[in-house]
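Coordinate inspection notes
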Amino acid sequence: MTAIPLGVPRRLVEFTLDGQEVRVPEGSTILDACRAAGKEVPTLCQGDTLTPKNACRVCVVELEGARTLVPACSRKAEAGMEVRTDTERARHSRKVVIELLASSVDLSTTPEVAGWIKEYEAKPDRFGPDAARLDEEPKIDNGLYVRDYDKCILCYKCVDACGDQWQNTFAISVSGRGFDARIAVEHDAPLTDSACVYCGNCIEVCPTGALSFRSEFDMRAAGTWDKSAQTETTTVCAYCGVGCNLTLHVQDNEIVKVTSPHDNPVTHGNLCIKGRFGYQHVQNRD
């Protein structure tokens with residue numbers, strides 16, 4: 001029998017969400033309440049294992065009495081508040097944010113963005129071909145994962161996962177200012193010369209594919225990556241006795257990448273280099 005920690009019972013907070021009375025546990029965010037109520041509110045920078053950074057601003061909603069729109073991912077639910085998620089003001093703000101991001105960043109591997117562009121009738125190309133882009137080649141300096149900063153929206157999730165929220169390696173941070181801002185290792189050195197321990201937890205939280213498995217990158221480049229043809233099997237890592245859960249993503253009878261369940265009480269989505277990348281011994285692969 002597995003013991004599941006339930007934590008200290010929390011009182012319920014009642015407020016109005018799009019005209020309906022809802023109740024959520026104290027400490028929940030507006031986004032938590034929206035998801036519990038089945039309301040779709042888009043977000044890119046929010047992660048269920050990280051503290052919200054309020055970076056992308058795609059999840060903004062209208063709060064009665066507030067001067068500005070508020071980010072649903074971080075604003076805590078309070079008793080008596082009145083929240084509206086689908087007002088013209090909120091939709092217009094999301095539309096502009098999506099347009100700005102899609103005009104300056106390659107969002108081709110970002111899940112759900114194509115649907116949001118259609119839903120909000122966003123027109124990223126209205127900023128013209130001179131919209132600021134990095135136009136950098138992907139950084140391929142190791143055999144495990146690739147950094148493609150043309151897809152980076154500077155959500156800081158990878159920095160937090162590498163830093164004090166999970167790994168405590170502090171190998172990466174934000175370098176530069178304004179349009180020159182980007183995620184980099186110290187002195188912009190190759191990853192192999194940095195403090196990176198190749199846990200891959202930054203890949204786990206990246207929402208756009210700016211960080212990806214080398215195997216996925218190569219398969220996408222070859223046109224063979226097919227997520228619809230992949231199966232996912234969760235098992236237990238065999239390298240040590242911690243008991244980390246691994247989710248094996250398999251295509252054509254080969255493991256193409258490894259993730260970890262975010263709701264697992266041992267890993268919370270995090271792994272070490274062996275759990276994340278050490279699967280070559282179970283298949284014939286160069």
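The following refers to the structure shown. (Residues numbered from 1 in each chain as written. Predicted model: local features only at pLDDT ≥ 70, side-chain atom pairs only at ≥ 80, totals over all residues. Heavy atoms only, no water.)

**Some remarks on the sheet that holds strand β10 (residues 231–236)**
Pairing in this open sheet of 3 strands is antiparallel, and the strands run β10-β11-β12 from one edge to the other. In this open sheet, the two strands that pair with only one neighbour each are β10 and β12 (254–259). Averaged over all pairs of adjacent strands, the angle between strand axes in this sheet comes to 30°, irrespective of strand direction. Pairing geometry for β10 and strand β11 (residues 245–251), over 6 bridges, is antiparallel. Counted as the bridge partner of T231 is V250 from β11. (Pairing = 2+ DSSP bridges. Helix = DSSP H or I, 4+ residues; strand = E, 2+ residues; numbered from the N terminus. Axes fitted to C-alpha atoms, helices over the stretch in contact; angles between N-to-C directions.)

**Re the side chain of E204**
In this fold, E204 is placed in helix α5 (residues 201–205). Accessibility expressed as a relative area gives 18% for E204, which makes it buried. Polar side-chain contacts of E204 include one of 3.0 Å to the side chain of H262. Once residues lying within four places of it in the same chain are set aside, the contact partners of E204 are T259, S260, H262, G269 and R276. (Buried < 20%, exposed > 50% of the residue type's maximum accessible area, 1.4 Å probe, protein only. Polar contact = N/O pair within 3.5 Å; in protein donor to acceptor, adjacent residues only side chain to side chain. Contact = heavy atoms within 4.5 Å.)

**Some points on the nonpolar core**
Across soluble globular proteins, you tend to see nonpolar side chains buried next to one another. Of all hydrophobic cores here, the largest spans 29 residues; its most connected members are Y145, C158, I183, I203, L211 and V258. Among the elements that make up this core, the one with the highest residue count is helix α4 (residues 157–162) (3 residues). Those residues in contact with L211 that lie beyond four places of it in its chain are Y145, V146, R147, C158, C202, I203 and C206. Ranked by size, the runner-up nonpolar core spans 18 residues in total, among them L31, C59, C73 and A77. (Core = buried A, V, L, I, M, F, W, Y, C linked by side-chain atoms within 4.5 Å.)

**As for the layout of surface pockets**
If you add up the space inside the largest pocket, you get close to 1,400 Å³. Lining the largest pocket we find 49 residues, and of these P111, E204, C206, P207 and T208 sit closest to its centre. If you list the elements that add at least two residues to the lining of the largest pocket, you get α1 (30–36), α3 (113–119), α5, β9 (211–213), α6 (214–222) and β12. By residue class, the composition of the lining of the largest pocket is 19 nonpolar, 14 polar and 16 charged. (1 Å grid on protein atoms, 1.4 Å probe; cavity = no way out; pocket = protein on both sides within 12 Å on 5 of 7 lines; lining within 4 Å. Points joined across faces, edges and corners; volume = space filled by probe spheres on them. Nonpolar A, V, L, I, M, F, W, Y, C, P; charged D, E, K, R; others polar.)

**Brief notes about the pattern of salt bridges**
Per the counting criterion, the structure on display carries 16 salt bridges. Of the charged contacts, one joins E136 and R182 as a salt bridge, the two residues approaching to 2.0 Å between their closest N and O atoms. A residue pair is termed long-range when its members are at least 10 positions apart, and E136 in the loop between α3 and β6 (145–147) and R182 in strand β8 (residues 182–185) qualify at 46 residues. What makes E136 partly exposed here is its relative accessible area of 23%. Across the pair R220 and E216 runs a salt bridge, and its minimum N-O distance is 3.0 Å. Note that R220 and E216 are positioned in helix α6 at a spacing of 4 residues, about one turn of the helix. (Salt bridge = Lys/Arg side-chain N within 4 Å of Asp/Glu carboxyl O.)

**What about unusual backbone geometry?**
Its identity is not glycine, yet E121 carries a phi of approximately 55°, on the positive side. With respect to the helices and strands, E121 occurs in the loop between α3 and β6. You will see that D252, though not glycine, has its phi angle at about 55°, which is positive. Take D252: it is sitting in the loop between β11 and β12.

**Structural notes on the environment of G143**
Inspection of the secondary structure puts G143 in the loop between α3 and β6. Relative accessible area serves as the criterion here: at 57%, G143 is assigned to the exposed category.

**A look at the sheet that holds strand β1 (residues 12–17)**
Ordered in space as β2-β1-β5-β3-β4, the 5 strands form an open sheet in which the pairing is mixed. In the strand order of this sheet, the two ends are held by β2 (20–25) and β4 (70–71), each with one partner. Where β1 meets β2, 6 bridges bridge the pair, whose relative direction is antiparallel. If you follow T16 over to β2, its bridge partner there is E21.

**So, the packing of aromatic side chains**
Per the counting criterion, the structure on display carries 3 aromatic pairs. Considering the side-chain rings of Y145 and F277, the 6.5 Å spacing of their centres and the 10° angle between planes classify their relative orientation as stacked. With Y145 in strand β6 and F277 in helix α7 (residues 273–277), the pair connects residues that are 132 residues apart, well separated along the chain. Residue F277 is classed as buried on the basis of its relative accessible area of 5%. Where F213 meets F277, the ring centres are 5.2 Å apart and the plane angle is 50°; that geometry is what we call tilted. Of the two residues, F213 is situated in strand β9 and F277 in helix α7; the sequence distance between them amounts to 64 residues. (Phe/Tyr/Trp six-rings, centres within 6.5 Å; stacked < 30°, edge-to-face > 60°.)

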